[in-house]
Structure formats: structure tokens, C-alpha cells
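Structural overview
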Amino acid sequence: MKKIMVAATMAACLVLAACGGQNAKSSKNHDCGKCEKHEQCDRHEQCEKHANSDACENCDKHGKSGVSEAIMGRRSIRKYQDKAVEKEKLQQIAKAGVNAPNAMNAQNWAVRISQDKELINGIRGTHGGTALIFVAGRNAVDCGLMGQNMMLAAYDMGLGTVIMTGPLGAIKGNADIMKKLDLPEGMELQFVIEVGYPDEKPDAKTRNMDVIKFLE
Ligand SMILES: Cc1cc2nc3c(=O)[nH]c(=O)nc-3n(C[C@H](O)[C@H](O)[C@H](O)COP(=O)(O)O)c2cc1C
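Residues numbered from 1 in each chain as written. Predicted model: local features only at pLDDT ≥ 70, side-chain atom pairs only at ≥ 80, totals over all residues.

Let's talk about the overall build of the chain
For the chain, the count of helices and strands is eight helices and four strands. Moving toward the C terminus, one meets the helices and strands of the chain in the order α-α-α-α-β-α-β-α-β-α-α-β. In the chain, which comprises 216 residues, the proportion classed as buried is 31%. (Helix = DSSP H or I, 4+ residues; strand = E, 2+ residues; numbered from the N terminus. Buried ≥ 20, exposed ≤ 12 C-beta atoms within 10 Å, placed from the backbone.)

Here it is, written out as C-alpha cells:
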């Protein structure tokens, strides 16, 4: 009996790995036209082992690791479900952040995470996300890379994010919040990332490809 259950669990995980998890839905945003597998599965949440953006062997557009799919599928989310993000997921997102490349590996940054609804909703410019990640540092490039790592990791877990600088003035002007953040001396708050379970699926905004030029 035990063997049958183990085999069934393995088979279920193989199906989930093959179909690419919850991105079944989001992949429609950048329809590859070739790939049936991403359309089939919305059962990712049953299986902890498979992140959303498992690679699709049938499809060269999604890439092998799933990273390309995440890059193309991520969108800023400004409508969230009233559902708390699990602390472990926030921890994983932060871990993705601190694994970003950074100058001289100085890791001159600080990450603060709040799940305090009152604090989050009290900041003008937030959108009802259930967690807020504050990123401070001495080097804006390092912090930006950290931010993108975090957003892609969150997307990979089926979470929505929006990176924001708009609320920075209000945050910096709020002594209570700044005290709670307890940022190291000399570290500037660079941006916040709102996180939550998405309640919208925005289309990708048009990108201007003319900005790219190969040198002759
Ligand atoms: C540095 C920076 C600051 C941003 N500030 C805000 C903000 O204050 N409020 C907001 O809703 N979105 C903000 N955004 C999100 C952008 O509006 C969004 O990334 C852009 O419109 C492209 O859309 P996409 O993220 O869905 O691809 C910011 C993005 C960046 C990179």
C-alpha cells in the first residue's frame, strides 16, 4: 500500500513538473503558440516541490530553467486577494534577494519585511498587498538587482508584486515607521515591494525595442 502511495505521489509530481504549474494560466499572457503543457495545470499549490515556472521541454520560448518565462510573465500587480502570504515564502523571497549580484560582494543592503496590515494600508500608494518588503542600501544598482530577484522569486511562487518608490516620501517622513525599520547608519531606503496573492492578471505593457542597438 505504502509503495502504491509513493508511486502515486511521484506520478503526480511528474505531471505537475511536466505541465509547468500555475503558470499554465499566466503563460497565456505571452502565448508561445507551441506549448500545450502550460495550459493544463492549475494544481501547483498541491505540490511544494515544483515552482511555477518549471521549464517546458516542448517550447524554446520559455527557456530551460523557467527564468525566461518568469521574466516575461511577471507584471506589476495592483489588486490583491485578502490572503496572507506565508512567512516561509517571504523568507524565500528575501533569500532570493540577498543572492543577487552586488558590487564586491559587499552586501551593503538591508531588508525589512512587514505583514502588519495597519502599517501597510496606512502607507499611501499601496494596493492592498498583505506584505511589504523595504529595501535599503548604499548602492542603487545592487538594490535594484535584489528587487528584481525578489519579484521573480515571488512570481515563481504564484505571488504578485509591485516595486514602488512613490511611497518613499511618506515612509521617510513617518518617524514611527522609520524607527521600526531600524536601518543601519548610512543606508538609504531605495524602494518597497508590495507582495500578495494577485487578484488581477494585467497584460504586458508594450516595450520599445528600438532602444536596443547592436554596434556595427
Ligand atoms: C524604480 C521604480 C519605481 C516604481 N514606482 C512605482 C510606484 O510608486 N507605484 C506603482 O504603482 N508602480 C511603480 N513602479 C512600477 C512600474 O510602474 C512598472 O514596473 C511599469 O509600469 C512596467 O509595468 P510592469 O512592471 O507590469 O512590467 C515602479 C517601478 C520601478 C522600477
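Still more to cover.
A closer look at the site of the ligand
Neighbouring the ligand are Arg-75, Ser-76, Arg-78, Gly-125, Val-162, Ile-163, Met-164, Thr-165, Gly-166, Phe-191 and Lys-205. Among the elements that line the shell around the ligand, the one with the most residues is strand 3 (residues 160–164), at three residues. Residue classes in the shell around the ligand are distributed as four nonpolar, four polar and three charged. (Near = placed C-beta within 6 Å. Nonpolar A, V, L, I, M, F, W, Y, C, P; charged D, E, K, R; others polar.)

What about the environment of Gln-190?
Positionally, Gln-190 belongs in strand 4 (residues 188–196). Gln-190 sits in the buried class, given 22 other C-beta atoms within 10 Å. A C-alpha to C-alpha distance of 5.8 Å links Gln-190 and Val-135, two positions 55 residues apart in sequence. When residues no more than four places from it in sequence are discounted, the contact partners of Gln-190 are Val-135, Ala-136, Gly-137, Ala-140 and Cys-143. (Contact = placed C-beta atoms within 7 Å.)

A look at the nonpolar core
Ranked by internal contacts, the top residues of the largest apolar core, which has 25 residues, are Ile-133, Val-135, Met-150, Ala-154, Ile-193 and Val-195. When residues of this core are traced back to their parent elements, those giving at least two are helix 4 (87–98), strand 2 (131–137), helix 6 (140–156) and strand 4. The dominant element in this core, judged by the number of residues it contributes, is helix 6, at seven residues. If near-sequence neighbours (up to four positions away) are discounted, Ala-154 is found in contact with Ile-93, Leu-159, Thr-161 and Val-195. (Core = buried A, V, L, I, M, F, W, Y, C linked by C-beta atoms within 7 Å.)

Here's the deal with helix 4
Compared with the 16 Å implied by 1.5 Å per residue over 12 residues, the 17 Å span of helix 4 between its first and last C-alpha is a close match. Buried residues of helix 4: Leu-90, Ile-93 and Gly-97, and no others. For helix 4, the angular spread of the buried residues around the axis is 60°, confining them to a single face. Opposite the buried face of helix 4, at more than 90 degrees from it, the exposed residues are Glu-88 and Gln-91. (Expected span 1.5 Å × (residues − 1). Arc of directions from axis to C-beta.)

Focus on the confidence of the model for the chain
On average, residues of the chain score 82 in pLDDT, and 71% of them reach the 70 mark or higher. A low-confidence stretch, residues 4–32 stays under pLDDT 50, and its non-local contacts, those more than four residues away or across chains, total 59 contacts. Long-range and interchain partners of residues 36–50, a stretch whose pLDDT sits below 50, account for 37 contacts in this model, where long-range means more than four residues apart. (pLDDT = per-residue confidence, 0-100.)

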